[in-house]
Amino acid sequence: MSKDPYEVLGVSRNASEKEITAAYRRLAKKYHPDLNPNNPDAQKKMAEINVAYEQIKSGNTSSYTGSYGNSRQSQDYGPFYGGFYQNTQRSSGSASQLETARHYILNGRYREALFVLSQYQDGSARWYALSALANYGVGNTITAMEHIDRAVQMEPNNFEFRQIQAQIKSRSVVYEQRSSQFGFPVFGGIMPFCWGMWLCFNCRFCC
Amino acid sequence: MFGFIIANKDLLNEEQEEQYSAYYCGLCATLDSRFGLRYRITLSYDMCFLALVLCSLHEEEPAFTECKCPKHPIKQVKGIRNDTMDYVADMSVLLTYYQLMDSWVDDHNIGAFLSAKSMSKQIQKLEEEYPSKLENIKRCLDELSRIEKDNVLNPDVASACFGELLSYVFLFGSIAEDELRIFGNLLGRFIYIMDAACDLRQDLKKQQYNPLVAIPVERHKDILTALLAECTDKFYKLPVKRNKELMENILFSGVWTKYNYSRQKGGKQ
């Protein structure tokens, strides 16, 4: 199902970290939907590039021997796109691992839960839901939102996942209610910067 | 800093506006008297907000004093001057210096280098004054530049790092230290992602690091709202004694000013 990540990025298998990142940024400029609103394939292509890039960086390719992998990232954050590209390796035994992660979460031990989840990524909706909870627990709000949305997207009729989604977004709802009482700033309402300061700065040699 | 944490002036009443400008002008005057006229350039609305938060925790009401303003050479303006303002002024200068140095190291911006060099005497003094705080801030900055170089796609990684940095900036005085640290951290996360959202196109074009590059643009607003929701939730844990409505104006409305502006501008292109 997945393409060769090196082919997607257009780099050779022994490319350096720098070359891979440069290739990624070049392709992002070419395909990012925000810069290419008229290209209908941009979104799909960009998603492909993101997956390939993370795949190479996390070392999840059979023959890759580079020294990628930010230790801080793997301990505290876990994978961002999730492990849907490596489900062939570790699917057996993952049910009990997910159960272990769930227990850690119930006891508020989110870092341990994240560690377990990062070891056993089966790409299931349940994995994403648990990952969302664990990430939310350690303060990784963005990853939590991405992962719970993906879990709900995969199993739209799962009531438990929808509850978790509502829980993670509950503060946003409160914020939006309060914010709507204030009203949004209108265009052109930007406060003028004190330009007198610029003049002071530019004559620095006389003061 | 970035200038995101700004009030929505249309919604301020007269008293709030007077307070807001007293903090702004007070900080500006403090920068002048502590460092010299040209350091007034380091003034920003973000740091003005820091002053608002820190001063709001104290029992006694900060008194207004008359300050000189280079923009109004004859008229005197009302400003607030106290120890807290001195601290905020120090942080303004330090953060501006680090930003300039960063711009020199990353982009070889010679103007930034010269500006930073011209500040070095004052910086040395400040570094002796806050040794452990600055050690922590520098550690965060180093980590941040490593994350940028590594091109880490998960936005939580870089935003957490900047959040930690800002938590050290917010840590001042002995009142509600934990609450301040947490609030500063969450605000820092929001500021970092807000900056990324506003600069996305520019960063893509220049092929520079941007933590939101892998996240579809239509999700940015929800992410920013969620980060700010976590932050405002902790805002209500702070034992705020005054100016609560003014700070709410900033957190619930004003912070979106630049974002809405950049979105509208982007839509026209």
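Cut-offs applied
- Residues numbered from 1 in each chain as written.
- Chains lettered and ligands numbered in written order.
- Predicted model: local features only at pLDDT ≥ 70, side-chain atom pairs only at ≥ 80, totals over all residues.
- Helix = DSSP H or I, 4+ residues; strand = E, 2+ residues; numbered from the N terminus.
- Rg over C-alpha atoms; globule rule 2.2 N^0.38 Å.
- Buried ≥ 20, exposed ≤ 12 C-beta atoms within 10 Å, placed from the backbone.
- Core = buried A, V, L, I, M, F, W, Y, C linked by C-beta atoms within 7 Å.
- Contact = placed C-beta atoms within 7 Å.
- Nonpolar A, V, L, I, M, F, W, Y, C, P; charged D, E, K, R; others polar.
- Axes fitted to C-alpha atoms, helices over the stretch in contact; angles between N-to-C directions.
- Parallel < 35°, antiparallel > 145°, perpendicular 65-115°, else oblique.
- Left-handed = near helix turned anticlockwise from the far one by under 90°.
- Expected span 1.5 Å × (residues − 1).
- Pairing = 2+ DSSP bridges.
- pLDDT = per-residue confidence, 0-100.
- Domains from an automatic or database assignment.

**What to know about the overall build of chain B**
Line of reasoning, step 1. Along chain B, the regular secondary structure elements total eleven helices and two strands.
Line of reasoning, step 2. What you see in chain B, going N to C, is helices and strands ordered as α-α-β-β-α-α-α-α-α-α-α-α-α.
Line of reasoning, step 3. Rg of the C-alpha trace for chain B: 18 Å, near the compact-globule value of 18 Å for 269 residues, within the 12% margin.
Line of reasoning, step 4. By principal-axis analysis of the C-alpha atoms, chain B measures approximately 50 × 40 × 40 Å.
Line of reasoning, step 5. Looking at chain B as a whole, 51% of its 269 residues qualify as buried.

**Considering the nonpolar core**
The tendency in soluble globular proteins is for nonpolar side chains to be buried as a group.
Line of reasoning, step 1. If you look at the biggest cluster of nonpolar residues, it comprises 132 residues, and the most contacted ones within it are L9(A), I49(A), A132(A), L27(B), A51(B), F190(B) and I193(B).
Line of reasoning, step 2. Those residues in contact with I49(A), other than ones at most four positions away along the chain, are V8(A), L9(A), Y24(A), L27(A), A28(A) and Y31(A).

**As for the interface of chain A and chain B**
Line of reasoning, step 1. With 48 residues of chain A at the interface, the matching set in chain B holds 51 residues.
Line of reasoning, step 2. Secondary-structure elements contributing two or more residues to the side of chain A that touches chain B are α2 (17-31), α3 (42-57), α8 (141-154), α10 (170-182) and α11 (196-202) of chain A.
Line of reasoning, step 3. A class-by-class count of the residues in the side of chain A that touches chain B yields 24 nonpolar, 14 polar and ten charged.

**Comments concerning the packing of helix α6 (residues 131-150) of chain B against helix α7 (residues 155-170) of chain B**
Working note: a packed helix pair is described by the angle between its axes plus the distance between those axes.
Residues and elements named next belong to chain B.
Line of reasoning, step 1. Viewed as axis vectors pointing N to C, α6 and α7 meet at an angle of 165°, and their least axial separation amounts to 9 Å. Judged by the inter-axis angle, α6 sits roughly antiparallel to α7. The way α6 lies across α7 gives a crossing that is left-handed. Contact residues: K133, N136, I137, C140, L141, E143, L144 and I147 in α6; V157, A158, C161, F162, E164, L165 and Y168 in α7.
Line of reasoning, step 2. Split into classes, the residues belonging to the contact of α6 with α7 amount to eleven nonpolar, one polar and three charged.

**Some thoughts on helix α9 (residues 220-235) of chain B**
Line of reasoning, step 1. The end-to-end C-alpha distance of α9(B) is 22 Å, a good match for the 22 Å that 16 residues give at a rise of 1.5 Å each.
Line of reasoning, step 2. Those residues of α9(B) that sit buried are H220(B), I223(B), L224(B), A226(B), L227(B), L228(B), A229(B), E230(B), C231(B), T232(B) and F235(B).
Line of reasoning, step 3. Looking at the buried positions of α9(B), the neighbouring elements they touch are α8 and α10 of chain A together with α8 (177-206) and α10 (244-252) of chain B.

**Considering the pairing of strand β2 (residues 72-80) of chain B**
Residues and elements named next belong to chain B.
Line of reasoning, step 1. Here six bridges tie strand β1 (residues 64-69) to β2, and the two strands are oriented antiparallel to one another. Its bridge partner being in β2, K68 is matched across the sheet by Q76.
Line of reasoning, step 2. As consecutive antiparallel partners, β1 and β2 are separated by two residues.

**Digging into the environment of C48(B)**
All names here are of chain B.
Line of reasoning, step 1. Counting through the fold element by element, C48 comes out in helix α2 (residues 45-56).
Line of reasoning, step 2. Through-space distance from the C-alpha of C48 to that of T232 is 18 Å; in sequence the pair is 184 residues apart.
Line of reasoning, step 3. In this structure C48 touches Y23, Y24 and L27, once residues within four positions along its chain are discounted.

**What to know about unusual backbone geometry**
Residues and elements named next belong to chain B.
Line of reasoning, step 1. Even without being a glycine, A176 presents a positive backbone phi close to 50°.
Line of reasoning, step 2. When the 15 C-beta atoms within 10 Å are taken as the criterion, A176 is described as partly exposed.
Line of reasoning, step 3. Positive phi, close to 55°, is recorded for Q207, a residue that is not glycine.
Line of reasoning, step 4. Looking at the secondary structure, you find Q207 in the loop between α8 and α9.

**Examining the environment of L57(B)**
Residues and elements named next belong to chain B.
Line of reasoning, step 1. Considering the arrangement of structural elements, one finds L57 in the loop between α2 and β1.
Line of reasoning, step 2. Distance in space between the C-alpha atoms of L57 and K75 is 31 Å, their sequence separation being 18 residues.
Line of reasoning, step 3. Residues in contact with L57, not counting those within four places in the same chain, are I175, A176, L238, P239, V240 and K241.

**Digging into the confidence of the model for chain A**
Residues and elements named next belong to chain A.
Line of reasoning, step 1. For chain A, mean pLDDT is 77; residues scoring 70 or higher make up 71% of the total.
Line of reasoning, step 2. Note that pLDDT drops below 50 for residues 62-76; the model gives that stretch 21 contacts with residues more than four away or on any other chain.
Line of reasoning, step 3. In this model residues 187-207 is a low-confidence stretch, pLDDT under 50, and it forms 31 contacts with partners more than four residues away in sequence or in other chains.

**Considering the confidence of the model for chain B**
Line of reasoning, step 1. Taken over all residues, the pLDDT of chain B has a mean of 91, while the share at 70 or more is 98%.
Line of reasoning, step 2. The least confident element of chain B is helix α11 (residues 257-268) of chain B, whose mean pLDDT is 78; the most confident is α9(B), at 96.

**A word on the domain arrangement of chain A**
Line of reasoning, step 1. The domain architecture assigned to chain A consists of domain 1 (5-63) and domain 2 (88-168).
Line of reasoning, step 2. Just the C-alpha atoms count here: the centres of domain 1 of chain A and domain 2 of chain A sit 26 Å apart.

**Brief notes about α8(A)**
All names here are of chain A.
Line of reasoning, step 1. Given a rise of 1.5 Å per residue, 14 residues ought to cover 20 Å, and the 20 Å separating the end C-alpha atoms of α8 matches this to within 8%.
Line of reasoning, step 2. The buried count for α8 comes to ten of 14 residues, which makes it a mostly enclosed element.
Line of reasoning, step 3. Those residues of α8 that sit buried are T141, I142, T143, A144, M145, E146, H147, I148, R150 and A151.

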